[in-house]
Amino acid sequence: MIEISGIHKTFNPGTVNEVRALRDVDLIIDEGSFVVVLGTNGSGKSTLLNAVAGTFRVDKGSIRLADHDVTKWPEHKRAALIGRVFQNPFSGTAPDMSIAENFAMAASRGKARGLGWALSKDLMTSLEERIATLRMGLEGRLDNAIGSLSGGQRQALTLLMATWLKPSLLLLDEHTAALDPKSADQVINLSSEVIQRDQLTTLMVTHSMQQAVRLGDRIIMMHKGQIVHDFRGAEKKRLRTEDLLDHFEEIRRREQLDENTAAMLNDLYI
Amino acid sequence: MTLLLGALTIGLILSLLAMGVYVSFRIFDVPDITTDGSITLGAAIAATLLVNDVHPLLATGAGALGGMVAGTVTGVLHTRFRINALLAGILVMTALYSVNLHVMGRSNVPLMQAETLATYGETAGHFVVGSKDFNFLGWRIGSADAAVLFSAGFAVAVVGIFLFLFFRTNIGTAMRATGNNSQMIRALGANVERNIILGLALSNGLVALSGALLAQYQGFADAQMGIGMIVWGLASVIIGEALVGSSSLGLTIVGTVMGSVLFRLLVAIALRWGLNPNDLKLITALFVFAALVLPRFVRRKKSKLIQ
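Counting restarts for each chain: residues are numbered from 1 in the order of the written sequence. Each chain takes a letter, starting from A, and each ligand takes a number, starting from 1, following the order in which they are written. Only residues with pLDDT of 70 or above have their local features reported here, since the model is predicted, and side-chain atom pairs are shown and tallied only from 80 upward, although totals for entire chains, interfaces and linings are computed over all residues.

A. Quick peek at the overall build of chain B. Secondary structure assignment for chain B yields 12 helices and four strands. Here the C-alpha coordinates of chain B stretch approximately 60 × 50 × 40 Å along the principal axes. To sort residues by burial, count the other C-beta atoms lying within 10 Å of each one's C-beta; a count of 20 or more means buried, 12 or fewer means exposed, and anything in between means partly exposed. C-beta atoms are built from the backbone. In chain B, buried positions account for 51% of the 307 residues. Numbering of helices and strands runs from the N terminus, with a helix taken as a DSSP run of H or I at least four residues long and a strand as a DSSP run of E at least two residues long.

B. Seen up close, the sheet that holds strand S8 (residues 202–205) of chain A. Residues and elements named next belong to chain A. Strands sit in the order S6-S7-S8-S3-S9-S10 across an open sheet of six strands; the sheet is mixed. Every interior strand has two partners, whereas the edge strands, strand S6 (82–85) and strand S10 (226–232), have only one. Going across the sheet, the axis of each strand differs from the next one's by a mean of 20 degrees, ignoring polarity. With four bridges joining them, strand S3 (residues 34–39) and S8 adopt parallel strand pairing. When the sheet's bridge partners are listed, Phe-34 is paired in S8 with Thr-202. Here contacts are defined at the residue level, using C-beta atoms placed from the backbone and a cut-off of 7 Å between them. Fitted lines through C-alpha atoms give the axes, limited to the stretch in contact for helices. The angle between two N-to-C directions lies from 0 to 180 degrees. Running at roughly 175 degrees to S6, helix H5 (residues 151–164) makes contact with S6 and strand S7 (169–173) of the sheet. We treat two strands as partners when DSSP finds at least two bridges between them.

C. Inspection of the interface of chain A and chain B at higher detail. Each partner contributes to the interface: chain A provides 25 residues, whereas chain B provides 20 residues. For the side of chain A that touches chain B, the secondary-structure elements that each account for two or more residues are helix H2 (75–78) and helix H3 (99–107) of chain A. Here the side of chain A that touches chain B gets four residues from one element, more than from any other, and that element is H3 of chain A. Here the side of chain A that touches chain B is composed, by residue class, of 11 nonpolar, eight polar and six charged. In this count, Pro and Cys sit with the nonpolar residues alongside Ala, Val, Leu, Ile, Met, Phe, Trp and Tyr, while Asp, Glu, Lys and Arg are called charged and the others, Gly among them, polar.

D. Structural context of the nonpolar core. Nonpolar core, as used here: buried Ala, Val, Leu, Ile, Met, Phe, Trp, Tyr and Cys residues forming one set through C-beta atoms within 7 Å. With 163 residues, the main nonpolar core has Val-37 of chain A together with Leu-17, Ala-43 and Ala-47 of chain B as its most contacted residues. A per-element tally of this core places helix H9 (residues 192–218) of chain B first, with 16 residues. Those residues in contact with Val-37 of chain A that lie beyond four places of it in its chain are Lys-45, Leu-48, Leu-203, Met-204, Val-205, Ile-220 and Met-222 of chain A.

E. Unusual backbone geometry, seen in detail. The backbone of Ala-66 of chain A shows a phi angle near 50 degrees, a positive value even though the residue is not glycine. Tracing the backbone shows Ala-66 of chain A in the loop between strand S4 (60–65) and strand S5 (68–69).

F. Local environment of helix H10 (residues 229–244) of chain B. All names here are of chain B. Here a helix's expected span is defined as the number of its residues, less one, multiplied by 1.5 Å. With 16 residues, H10 should cover 22 Å at 1.5 Å per step; its first-to-last C-alpha distance of 23 Å lies within 8% of that length. Among the 16 residues that make up H10, 13 are buried, leaving the element largely enclosed by the rest of the structure. Two residues or fewer past H10, Gly-245 is found with a positive phi of approximately 80 degrees.

G. Summary view of the pairing of strand S2 (residues 133–136) of chain B. All names here are of chain B. Here S2 runs beside strand S3 (residues 139–142); their pairing, made up of four bridges, is antiparallel. Directly across from Phe-136, in S3, lies its bridge partner Trp-139. Where S2 folds back onto S3 in an antiparallel hairpin, the turn is made up of two residues, including Leu-137, whose phi is positive at roughly 50 degrees.

H. Examining the environment of Asp-59 of chain A more closely. Residues and elements named next belong to chain A. Here Asp-59 shows up in the loop between helix H1 (45–53) and S4. C-alpha separation for the pair Asp-59 and Asp-122, spaced 63 residues apart in sequence, amounts to 44 Å. Setting aside chain neighbours within four positions, we find Asp-59 in contact with His-8, Lys-9 and Thr-10.

I. Geometry of the confidence of the model for chain B. Residues with a pLDDT of 70 or more make up 99% of chain B, whose mean pLDDT is 91. Reported confidence for the predicted complex is 0.86 by ipTM and 0.89 by pTM. Residue-level confidence of the predictor is summarised by pLDDT, bounded by 0 at the bottom and 100 at the top.

J. Quick look at the environment of Glu-3 of chain A. Residue and element names in this part refer to chain A. Its place among the elements puts Glu-3 in strand S1 (residues 2–11). Classification of Glu-3 by C-beta neighbours within 10 Å gives partly exposed; the count is 14. Counting along the chain gives 250 residues from Glu-3 to Arg-253, while the straight-line C-alpha distance between them is 31 Å. Ignoring anything within four residues of it in the chain, the contact list for Glu-3 reads Ile-28 and Arg-64.

K. Representation of the packing of helix H2 (residues 34–51) of chain B against helix H3 (residues 56–79) of chain B. All names here are of chain B. Closest axis-to-axis distance for the H2/H3 pair is 8 Å, and the angle between their directions is 150 degrees. With respect to each other, H2 and H3 are oriented roughly antiparallel. Regarding H2 and H3, the two cross each other, and that crossing is right-handed. In contact with Thr-34, Gly-37, Ser-38, Leu-41, Gly-42, Ala-43, Ile-45, Ala-46, Leu-49 and Leu-50 of H2, H3 contributes Pro-56, Ala-59, Thr-60, Ala-62, Gly-63, Ala-64, Gly-66, Gly-67, Ala-70, Gly-71 and Thr-74. Tallied by class, residues from the contact of H2 with H3 come to 11 nonpolar, 10 polar and no charged. Put simply, angles under 35 degrees are roughly parallel, angles over 145 are roughly antiparallel, angles from 65 to 115 are roughly perpendicular, and the rest are oblique. Two helices crossing with the near one rotated counterclockwise from the far one by less than a right angle form a left-handed crossing, whereas a clockwise rotation gives a right-handed crossing.

L. Region of the structure containing H5 of chain A. Taking 1.5 Å per residue as the helical rise, H5 of chain A with its 14 residues ought to reach 20 Å, and the 20 Å between its terminal C-alpha atoms agrees with that figure. Most of H5 of chain A is tucked away, with 13 of its 14 residues classed as buried.

M. Spotlight on the sheet that holds strand S2 (residues 19–29) of chain A. All names here are of chain A. Reading across from one edge, S2-S1-S4-S5 is the order of the four strands in this open sheet, with antiparallel pairing throughout. Of all strands in the sheet, those with a lone pairing partner are S2 and S5, marking the two edges. Bridge count between S1 and S4: five bridges; the pairing is antiparallel. The partner of Ile-4 across the bridge, within S4, is Ile-63. Across the sheet, H1 lies against S1, S2 and S4, angled at about 65 degrees from S2, the strand it touches most.

Next comes the structure, spelled out in structure tokens:
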């Protein structure tokens, strides 16, 4: 369960580059719910994810996660509760280290790391079994540097790493956007499989309407740092790609209207 | 022969420095100039304590500890105060120059009369061999020189194995990942800032240990002895990688030691052939420059040839 209440974030305040990325966002996600976040570029959807992950502190508001007020927690402390997969397939793994070593670090996510061996026997056996289920032929290559794998393989492994210890919240930040269609499909299937099996509370940002329609039990649409639509339950199930496109079109029109009105008022009165 | 043994011994002692540079430069990707100050700091602390009749092991340990403190300061400047790593190293190195002079009380501390690890080694050598020198494959070898060389090799082996094992523990693996992909390891709950501080402390601890041993071997500590030592370390690391590659952690550590010894041998030979000692640093710098640039240059030539 996660409770986001009234969070604000402005980047570069007081400069010409000022961006009000989040404006009073409230969001409560129930335990085990899979929420898809949609929005245009610059709508604040990735910023929302990063605010939850703790990449930066929010200016106002609070974030509660699994009965902890994490608003002031640094990123690495929140990692005890959060599993993450990034947009860039290179971000989630250490390229010069072996597959096994990468998983060893995932197996101690959020725990105090001591002087125990990173590659324990237990880890290696359970790792081999789990990676075999990917059917990517990686189980025999656990000692290979992860940097030698393709983007799709790395992203699939990152997903396994993020969920190796069951996280209170899984954050997926356009995690298939940088992949070719076939790998993207594989990774999406794997994601939904893992999320369903472990009943993970998930927040996923995507650009793909198909993914949004197909996955999850709730869609929120963001625009200019605010949540403008929230579809859930039966409404979410009924939703088709066309409906989503209509909603985007509506947002776009409303925005144009606003700008035109602003320009008109400007011409008339100033 | 004595010359060769001497070069080997110094090469081994400086391989501790090279391992320290390997930790900062290769694992954390930070060219840490604190090295130049912390090797002198290690030597200064050890020498001062030795002159005051402190047990050599204790004095050596204290020297290493001093280096760890210096590395910690650099790490804190870099992570907590967001100072560029290079600049943080320069600041600490500069500050250490004064610190070292204060520790020693003058610019040079000779260890003529003091009991050191080197004199221990010599005594042990006499005791084991039973005479001043012995015959080894037709060469007359001073038993003292041989014993010191052997002890240095033993110390390096212990430190190398420790390093290898340490970087395979949970904390060590997380430290390696910190240099490899800090975003990833932060998302997995590691405190990246703390890991960098720890890494620089470890690196400079090794460097200072090297300085403490070097002072005892050469019989003095000097305020100037650290100048350009980071470049020396870099050269050793690069030679090591050229010799054995960088595919695995163990190999790289062994390679670094080999690189340091080989480089010292080359220098000894060059000096013997009449190289002006004043040109040594210049040539070391040129060598590292070439080693850094050549691979890229060769690759470009190759790809042009293929086209």
